[in-house]
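The lines below spell out each chain.
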Amino acid sequence: MSIESISETREQINQKILGDIRNRKPVFWENDSHIPFKNLKGQLDVSVLEIKDAEARLKRFAPFIKAVFEDTEALDGLIESPISEIGQFKSTLENNYDFSFPGKMLLKRDDLLPIAGTIKARGAIYEVLRHAEALAFEEKLLSGYDDDYGKFATKAFQDFFKQYTVVVGTTGNLGISSGVMSAKIGFNVQVHMSHEAKQWKKDYLRSHGVQVIEHKTNFTEAVDQGRQSALSDPYAYFIDDEHSIQLFLGYTTAASRLERQLKEQQIIVDEDHPLMVYLPCGVGGSPGGITYGLKQIYGDNVHCFFAQPTHVPSMLLGLITKKFADISVYDFGIDGLTVMDGLAVPRTSQIVAKLMSGIFDGGYTLTDEESNRLLTDLKDVEDIFVEPAATAGLMGPQKLFTTTAGKNYLIHNNLMDKVDHMTHIAWATGGSMVPADEQKLFYEKAKANQ
Ligand SMILES: *Cc1c(COP(=O)(O)O)cnc(C)c1O
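Thresholds applied
Residues numbered from 1 in each chain as written. Predicted model: local features only at pLDDT ≥ 70, side-chain atom pairs only at ≥ 80, totals over all residues. Heavy atoms only, no water. Buried < 20%, exposed > 50% of the residue type's maximum accessible area, 1.4 Å probe, protein only. Helix = DSSP H or I, 4+ residues; strand = E, 2+ residues; numbered from the N terminus. Pairing = 2+ DSSP bridges. Axes fitted to C-alpha atoms, helices over the stretch in contact; angles between N-to-C directions. Contact = heavy atoms within 4.5 Å. Domains from an automatic or database assignment. Buried area = accessible area lost by both parts, 1.4 Å probe. Disulfide = S-S within 2.5 Å. Near = heavy atom within 4 Å. Polar contact = N/O pair within 3.5 Å; in protein donor to acceptor, adjacent residues only side chain to side chain. Areas by Shrake-Rupley, 256 points an atom, 1.4 Å probe, with all protein chains shown as cover. Nonpolar A, V, L, I, M, F, W, Y, C, P; charged D, E, K, R; others polar. Salt bridge = Lys/Arg side-chain N within 4 Å of Asp/Glu carboxyl O. UniProt positions renumbered as here; feature names shortened; annotations may be inferred.

**Some thoughts on helix H12 (residues 254-264)**
Structural remark: α-helix, 3.6 residues per turn; residues separated by three or four positions point the same way. Looking at H12, one finds that the buried residues are Ala-254, Ala-255, Ser-256, Arg-257, Leu-258, Gln-261 and Leu-262. Following H12 by one or two positions, Gln-266 has its phi on the positive side, about 55°.

Here it is as structure tokens:
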């Protein structure tokens, strides 16, 4: 037992962390409600079977995806991203913060995901396809799961889907993923956007035939507007970033794909070779789904940490207070403003926060200045541009190895003698679709504010 846990109860630690969160100080939080995964198995609300079902569905649609999106051809219609080592960046991080850690640091390149260039492609595209498949079966346009899903590219299918509308509320990226795929299926698409949404995202969607409705409000309210609009139309389907189990399932499928990639790179994950994964967190769906999927494969040999801006610590607040979605950052006197626009979600997802409460390992917050430095460093030393939200995971090793709470995490989980065999993965969640002139602006702004 560590000295800290003798002198301080978990309740005292949580109170101290809530104080720091309120003061917008960066924190590292270890989940004190974590339950060993082997004890959770069998009583999980989302089963392995459902994850397998989602994986199979994406495989069925692969011939269609390959036919309509050229950039998925090399992957045979699978929407997947590469993973690569970022050794130069790792050295820079160590130098900047005067620490060092052994083991490899990898970047999961969801910034390069086909079709949408963000992690949202995993969840949103899955949900759109699942909805389209259900409608096609209802109309008997498909004979069975072994039918040729290439048919979705035909005019007959497209004409059928024209009667239906897909509605989504978003800060931007969910709109791109669901909007572009919905439009390809033939759906009408209506995207409700919050004030953070960038102009180029609106322009891009409109150029794809998507109806964009602009709101001068935050994410939660844009989602509410979208939900109301969809409720009044029986032919409308609402992709609900805050409540959708389908989005969540789409994200879980990343896990088995990652497992394959790590095997290909001969990276071992087992009790002596822990895998540390750092995931940017907004509403919680993408980091939650990926964590859920990874835990099903690796159990507690994988440690997943959620990264949030100091000004938008919504998931941490929800979990520490156990109020989940019943508490927003505003209730805590925090303004919810950040350069990491994809993470500007003041209230976490109820469904994800509840699903996560026992599985969640830990999380941390980072400042805008830290994010800015990560963005320019990654560009300078690896020539990789990621959007601001996607930098959050890059701070993970620094938070884990240099903060007292991070070091205590290692002690509590018997990881101290395993640090030499750890693999660290920062999940880059978006960036490649940002237009070149916008990338330059992001870079310059980041350089000026660190
Ligand atoms: C949406 C998003 C996230 C976070 O995903 P959530 O499901 O909202 O937690 C992270 N990075 C980028 C670029 C995103 O668009």
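**Comments concerning the sheet that holds strand E6 (residues 211-214)**
Taken in spatial order, the 4 strands make up an open sheet running E6-E5-E4-E7, and their pairing is parallel. One side of each edge strand has no neighbouring strand; the edge strands of this open sheet are E6 and strand E7 (236-239). For this sheet, the mean angle separating the axes of adjacent strands, direction not counted, is 20°. Packing against the sheet, helix H8 (residues 173-185) makes contact with strand E4 (165-170), strand E5 (188-193) and E7, and its axis sits at approximately 170° to E4.

**Focus on unusual backbone geometry**
You will see that Lys-140, though not glycine, has its phi angle at about 60°, which is positive. You can see Lys-140 is positioned in the loop between helix H6 (120-138) and helix H7 (155-161). Given the relative accessible area of 71%, Lys-140 is considered exposed. Although it is not a glycine, Gln-266 adopts a positive phi angle of roughly 55°. Tracing the backbone shows Gln-266 in the loop between H12 and strand E8 (275-280).

**What to know about the domain arrangement of the protein chain**
Think of interface size as the accessible area that goes away when the parts come together; that is how it is often given. Here the protein chain is described as being made up of domain 1 (8-46 + 70-113 + 249-447) and domain 2 (118-243). One C-alpha centre belongs to domain 1, the other to domain 2, and the line joining them spans 27 Å. Domain 1 puts 33 residues into the contact, and the matching count from domain 2 is 22 residues. In total, about 2,300 Å² of surface goes out of reach between domain 1 and domain 2, with carbon and sulfur atoms giving 62% of it. Three residues stand out in domain 1 for area buried against domain 2, namely Tyr-251, Asp-341 and Met-433, and they jointly supply 24% of the buried area on that side.

**Structural notes on the state of the cysteines**
Within the structure shown, the criterion is met by 0 disulfides. No disulfide involves Cys-281; its nearest neighbouring cysteine sulfur is the one of Cys-304, lying 12 Å away.

**A few points about the site of the ligand**
The environment of the ligand is made up of 15 residues, and the closest members are Lys-120, Asn-173, Gly-282, Gly-284 and Thr-429. The backbone of Gly-282 places a nitrogen or oxygen atom 2.7 Å from an oxygen atom of the ligand. For the ligand, whose free accessible area comes to 370 Å², the fraction covered by protein is 99%. Broken down by element, the shell around the ligand gets its largest block of residues, 3 residues, from helix H13 (residues 285-298). Residue composition of the shell around the ligand, grouped by class: 6 nonpolar, 7 polar and 2 charged.

**A few points about the pattern of salt bridges**
Evaluated as defined, the whole model comprises 31 salt bridges. Put simply, Asp-20 and Lys-25 hold a salt bridge, and the shortest N to O gap is 3.7 Å. The partly exposed category is assigned to Lys-25, whose relative accessible area is 46%.

**What to know about the UniProt feature "domain: Tryptophan synthase beta chain-like PALP" (unreviewed entry) in the protein chain**
When the UniProt feature table is mapped onto this chain numbering, "domain: Tryptophan synthase beta chain-like PALP" (unreviewed entry) sits at residues 104-397. Secondary structure across residues 104-397 comprises 43% helix and 15% strand; the distance between its end C-alpha atoms is 11 Å.

**A closer look at the sheet that holds strand E2 (residues 83-85)**
Ordered in space as E1-E10-E9-E8-E11-E3-E2, the 7 strands form an open sheet in which the pairing is mixed. Strands at the two margins of the open sheet, each flanked by one partner only, are strand E1 (28-30) and E2. In this sheet, neighbouring strand axes are inclined to one another by 25° on average, regardless of whether the strands run parallel or antiparallel. Lying on the sheet, helix H14 (residues 314-321) is in contact with E1, strand E9 (302-309) and strand E10 (362-366); it crosses E9 at an angle near 115°.

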